[in-house]
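Below are the chains, spelled out letter by letter.
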Amino acid sequence: MLDLWLTVVMCLYLIEMVNYYPAPSRFSVGWYGVRVVGFLSSGLVLILLLYEINTLYGGLLNAVRAQRREREARLMTGGAIAATIAHEIRQPLSAMIMRADTSFRLLDRATPDLDKAKEAVRNIAADGHRAQAVIESIRENFKMDARAHSTIDVNDLVAEVLALVRDEVRSRRILLVVASSAGLPQIMGDRIPLLQVLLNLITNAIEAMAARDGPRLLCVRSEIADDGRVLMSVADTGTGISSQDTERIFNPLFTTKSDGMGMGLSICRSIIEAHNGQLLVTPNNPQGAVFRFSLCPATTHPALS
Ligand code: ADP
């Protein structure tokens, strides 16, 4: 490009020189023409050089920015994987520690309560299996092949999650309402990740209600949507979510809690999206938040049709 424009400038110089000999009379057309050509020949190269240099620096800046973004994305992925594992197994691990403490206390009594201690140990084993299943499911998430979907009864899923949070709901004096439409079809999905989604949403709801005084009502609803999908919602009367945080809360590592990891909702969203659904949040009336997602009924699932 520079060669081409230098040739153009040399041609303009040539025209200028030819126009000078013989020298045109003052203020004639030729006299003005020589000045215009002179101005163009000197200005053109300067403007082009400035343009080329700016384009070059612009490209360089974009390349540096892209490299920085790539490095940040790589660091973020590593951090996100570690945070995902930590976040997902934290709940079963704390349950195991709490139950182990309880069984010690039961065995330490003057007359040990063996039946209750046995039950606590049985629950520890169940939590251990759950942690193992969660790790397995995270590993599956990073595999490229298709996930193994099976038919799931949504009510069973809800009951299973509520059994895990029962003690916390009771200790925080939360009123629990479980509403399920009659004739709800079974859904098609991956049980362990869906269990984690419900557990995350319910745990967040409990924590949001614990952070404020006032009536504490947790409502877990499952119904059939107009399009035939199974619609699930978790509604609470907690702190609620401000309009500027509505999208940010789904970003990895975004948290407003001092001990939060900010991974729960981002994991939930990716699990629901892997089930061809969408996880959305809206304000609850008059107070709190409602998280909603819908799942494909087993009868219309693409894998079955
Ligand atoms: P963490 O619970 O570790 O902070 P999450 O991704 O689960 O990570 O949640 C991100 C943020 O979203 C929370 O810190 C909280 O501010 C907000 N949030 C999530 N659920 C609720 C809810 N039910 N009510 C109010 N805020 C919520």
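The structure displayed is predicted, hence computed values, not measured ones.

Engineer: Could you give an account of the pattern of salt bridges, with specific residues and numbers?
Structural biologist: Oppositely charged side chains can form a pair if their charged atoms are brought close together. Here the structure, examined in full by the defined rule, presents seven salt bridges. Residues joined in a network through salt bridges with shared partners are Arg99, Asp127 and Arg130.

Engineer: Let's hear about the site of the ligand: which residues, and what values?
Structural biologist: Close to the ligand lie 19 residues; Asn204, Thr255, Thr256, Lys257 and Leu265 are nearest. Between the ligand and the protein, one listed contact pairs an oxygen atom with a backbone N or O atom of glycine 264 at 3.3 Å. In this structure, leucine 265 approaches the ligand through a main-chain N or O atom, which is 2.9 Å from an oxygen atom. If the ligand stood free it would expose 530 Å²; the protein chains cover 94% of that surface. For the shell around the ligand, the element with the highest residue contribution is helix 5 (residues 191-210), accounting for three residues. Here the shell around the ligand is built from residues that sort into nine nonpolar, eight polar and two charged.

Engineer: An account of the packing of helix 5 against helix 6 (residues 264-274) is needed here, citing residue identities and associated values.
Structural biologist: With their axes 9 Å apart at the nearest point, helix 5 and helix 6 run at an angle of 145° to one another. In this structure, the crossing between helix 5 and helix 6 has a hand that is left-handed. Touching Pro193, Leu194, Val197, Asn200, Leu201 and Asn204 of helix 5 are Gly264, Leu265, Cys268, Ile271 and Ile272, all from helix 6. Residues of the contact of helix 5 with helix 6, tallied by class, amount to eight nonpolar, three polar and no charged.

Engineer: A description of the packing of helix 4 (residues 154-171) against helix 5 should follow, citing residues and the corresponding values.
Structural biologist: Look at helix 4 against helix 5: their axes get within 9 Å of each other, and the N-to-C directions meet at 35°. Here helix 4 runs over helix 5; the crossing is right-handed. Contact residues: helix 4 offers Leu157, Val158, Glu160, Val161, Leu162, Leu164, Val165, Glu168 and Val169, while helix 5 offers Arg191, Leu194, Leu195, Leu198, Leu199, Ile202 and Ile206. Within the contact of helix 4 with helix 5, the residues separate by chemical class into 13 nonpolar, no polar and three charged.

Engineer: Explain the confidence of the model for the protein residue by residue, including any values.
Structural biologist: Within the protein, residue pLDDT values average 85, and 92% of them lie at 70 or more. By mean pLDDT, helix 1 (residues 2-20) is the weakest element of the protein at 79, and strand 5 (residues 230-235) is the strongest at 96.

Engineer: Give me the lowdown on the nonpolar core, citing residues and values where you can.
Structural biologist: With 41 residues, the main nonpolar core has Ile202, Leu218, Phe291 and Phe293 as its most contacted residues. Looking at this core, the elements that each hand over two or more residues are helix 4, helix 5, strand 4 (217-224), strand 5, helix 6 and strand 7 (289-295). In terms of residue count, helix 5 provides more of this core than any other element does, 10 residues in total. Among all residues touching leucine 218, those that are not within four sequence positions of it are Ile174, Leu175, Leu176, Val177, Ile202, Ala205, Ile206, Met209, Val234 and Ala235.

Engineer: Just give me the short version of helix 5, but keep the residues and values in it.
Structural biologist: Count 3.6 residues to each turn of an α-helix, and residues three or four apart come out pointing the same way. Compared with an ideal rise of 1.5 Å per residue, which puts 20 residues at 28 Å, helix 5 spans 28 Å between its outermost C-alpha atoms and is within 8% of the ideal. Taking burial as the measure, the 20 residues of helix 5 include 15 buried ones, the bulk of the element.

Engineer: Go over the sheet that holds strand 7 with me, naming the residues and quoting the values.
Structural biologist: Reading across from one edge, 2-4-5-7-6 is the order of the five strands in this open sheet, with mixed pairing throughout. Each edge of the open sheet carries a strand with a single partner, namely strand 2 (175-180) and strand 6 (280-283). Strand-to-strand twist across the sheet, computed as the mean angle between neighbouring axes with direction ignored, equals 15°. The strands touched by helix 4 within the sheet are strand 2, strand 4 and strand 5, with strand 2 carrying the most contacts at an inclination of about 180°.

Engineer: Which residues make up the packing of aromatic side chains, and what values do they have?
Structural biologist: Applying the stated criterion to the full structure yields two aromatic pairs. An angle of 80° between the planes, with centres 5.1 Å apart, marks the rings of tryptophan 31 and tyrosine 32 as edge-to-face. With relative accessibility at 45%, the residue tyrosine 32 sits in the partly exposed group. When the centroid spacing of 6.4 Å and the interplanar angle of 70° are considered together, the rings of phenylalanine 250 and phenylalanine 291 count as edge-to-face. In this pair, phenylalanine 250 is assigned in the loop between strand 5 and helix 6 and phenylalanine 291 in strand 7, connecting sequence segments 41 residues apart.

Engineer: I'd love a proper account of the side chain of serine 222, names of residues and values included.
Structural biologist: Relative to the elements of secondary structure, serine 222 occurs in strand 4. Each residue touching serine 222, except ones within four places of it in the same chain, is listed here: Val154, Asn155, Ala179, Ser180, Ser181, Leu184, Leu231 and Met232.

Engineer: Give me the lowdown on unusual backbone geometry, citing residues and values where you can.
Structural biologist: Look at the link from asparagine 285 to proline 286: it is a cis peptide, with omega at 0°. In this structure, proline 286 sits in the loop between strand 6 and strand 7. The backbone phi angle of arginine 173 is positive, close to 55°, even though this residue is not glycine. Considering the arrangement of structural elements, one finds arginine 173 in the loop between helix 4 and strand 2. With relative accessibility at 67%, the residue arginine 173 sits in the exposed group. Of note, the phi angle at asparagine 276 is positive, near 60°, even though the residue is not glycine. Structurally, asparagine 276 can be placed in the loop between helix 6 and strand 6.

What counts and what doesn't
Residues numbered from 1 in each chain as written. Predicted model: local features only at pLDDT ≥ 70, side-chain atom pairs only at ≥ 80, totals over all residues. Heavy atoms only, no water. Salt bridge = Lys/Arg side-chain N within 4 Å of Asp/Glu carboxyl O. Near = heavy atom within 4 Å. Polar contact = N/O pair within 3.5 Å; in protein donor to acceptor, adjacent residues only side chain to side chain. Areas by Shrake-Rupley, 256 points an atom, 1.4 Å probe, with all protein chains shown as cover. Helix = DSSP H or I, 4+ residues; strand = E, 2+ residues; numbered from the N terminus. Nonpolar A, V, L, I, M, F, W, Y, C, P; charged D, E, K, R; others polar. Axes fitted to C-alpha atoms, helices over the stretch in contact; angles between N-to-C directions. Left-handed = near helix turned anticlockwise from the far one by under 90°. Contact = heavy atoms within 4.5 Å. pLDDT = per-residue confidence, 0-100. Core = buried A, V, L, I, M, F, W, Y, C linked by side-chain atoms within 4.5 Å. Buried < 20%, exposed > 50% of the residue type's maximum accessible area, 1.4 Å probe, protein only. Expected span 1.5 Å × (residues − 1). Pairing = 2+ DSSP bridges. Phe/Tyr/Trp six-rings, centres within 6.5 Å; stacked < 30°, edge-to-face > 60°.

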